[in-house]
Amino acid sequence: MKTARILITTKCNRTCHYCCNEKDAGLDDAVFMEGIEELGAYDAVVISGGEPMLYPKRLRELAKMVKVRFDIPIYLQSATCTKYTDDVLQYLDGITYTVHEEAALRDVTLFQNMQDLAMRYTDKTFRLNVHDNCKQYLPICANAWKEIRFFHHKDVCPVPANETLFVLNFEV
């Protein structure tokens, strides 16, 4: 499966020392998008960042454009759940939600909000990534998630062989 990974921002509300975006990993090989036409050659789209939910209107409009134009699954990688997540979700096929090493009590609340959405939207795919050094207790309901993965940060962040990294370079 060929996947287009779209970086809509490198900005993030976190300061993770292991962040791939801080290292500009893979950006040398990134394709700067001037429109969505090239996405027609892909089997799936993953919208990523930084933190995409910092720009929910931009995220929603991009997902809507892709959904209307192409019949391909669209997923979001995020580490936050806001009042806009419900609105964005209508254009997505699923979300991969990440709880970071530096998670605080506020992040537990955000996680619980996302888990509640996962339990409500059974027609969507929700995956959970939890950093293996996360110190917060997370009341995980396994039935809410298609996949639960514990991860450790890597020193390098290569773009997977089946993916092309795009950087959004136009206003939506």
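Structural data are supplied above this passage.
Residues numbered from 1 in each chain as written. Predicted model: local features only at pLDDT ≥ 70, side-chain atom pairs only at ≥ 80, totals over all residues. Heavy atoms only, no water.

1. What to know about the overall build of the chain
A count of helices and strands for the chain gives three helices and eight strands. Reading the secondary structure of the chain in the N-to-C direction produces β-β-β-α-β-α-β-α-β-β-β. Its C-alpha radius of gyration of 15 Å places the chain within 12% of the 16 Å reference for a compact globule of 172 residues. When the backbone C-alpha atoms are referred to their principal axes, the chain occupies close to 45 × 35 × 25 Å. Burial analysis of the chain (172 residues in total) assigns 47% to the buried set. Sequence-distant contacts, at least 24 apart, represent 75% of the contacts inside the chain between residues at least 6 apart. For the chain, the accessible surface area stands at approximately 9200 Å², while carbon and sulfur atoms represent 49% of it. (Helix = DSSP H or I, 4+ residues; strand = E, 2+ residues; numbered from the N terminus. Rg over C-alpha atoms; globule rule 2.2 N^0.38 Å. Buried < 20%, exposed > 50% of the residue type's maximum accessible area, 1.4 Å probe, protein only. Contact = heavy atoms within 4.5 Å. Areas by Shrake-Rupley, 256 points an atom, 1.4 Å probe, with all protein chains shown as cover.)

2. Some words on the pattern of salt bridges
Applying the stated criterion across every chain yields a total of eight salt bridges. The shortest N-O distance in the salt bridge between K67 and D93 comes to 2.7 Å. In this pair, K67 sits in helix α1 (residues 56-69) while D93 sits in the loop between α2 (85-89) and β5 (94-99), placing the two residues 26 residues apart along the sequence. Judged by relative accessible area, which is 25%, D93 ranks as partly exposed. A salt bridge links E147 to R127; its shortest N-O distance comes to 3.3 Å. (Salt bridge = Lys/Arg side-chain N within 4 Å of Asp/Glu carboxyl O.)

3. A word on the sheet that holds strand β3 (residues 44-48)
One open sheet accounts for eight strands, arranged β2-β8-β1-β3-β4-β5-β6-β7; its pairing is parallel. Strand pairing shows two members of the sheet lacking a second neighbour, β2 (31-33) and β7 (147-151), which therefore form its edges. Going from strand to strand, the sheet's axes swing by 25° on average, the running direction of each strand aside. Pairing of strand β4 (residues 74-78) with β5 involves four bridges; the strand directions are parallel. In the strand pairing of β5, Y75 is matched with G94. (Pairing = 2+ DSSP bridges. Axes fitted to C-alpha atoms, helices over the stretch in contact; angles between N-to-C directions.)

4. Here's the deal with α1
Taking 1.5 Å of rise per residue, the 14 residues of α1 would be expected to cover 20 Å, and the 20 Å separating its terminal C-alpha atoms lies within 8% of that figure. Residues of α1 that are buried sit in contact with β1 (3-7), β3, β4, α2 and β8 (163-168). (Expected span 1.5 Å × (residues − 1).)

5. Considerations on the pairing of β3
Most of β3 sits out of view: five of its five residues are buried. Judged by which residues are buried, β3 turns out to be covered on both faces: A44, V46 and S48 on one side and V45 and I47 on the other are all buried. As paired strands, β3 and β4 are joined by three bridges and run parallel to one another. Within β4, the residue paired with I47 across the bridge is L76. Handedness of the crossover joining β3 and β4 through α1: right-handed. (Right-handed = clockwise from strand over helix to strand, strands pointing away.)

6. A word on the nonpolar core
Counting 43 residues, the largest nonpolar core has I6, L39, V45, I47, V66 and Y97 as its most contacted members. Broken down by element, this core gets its largest block of residues, six residues, from helix α3 (residues 105-120). Not counting residues up to four positions away in its chain, the partners in contact with I47 are I6, I8, P52, L59, L62, A63, I74, Y75, L76 and Q77. (Core = buried A, V, L, I, M, F, W, Y, C linked by side-chain atoms within 4.5 Å.)

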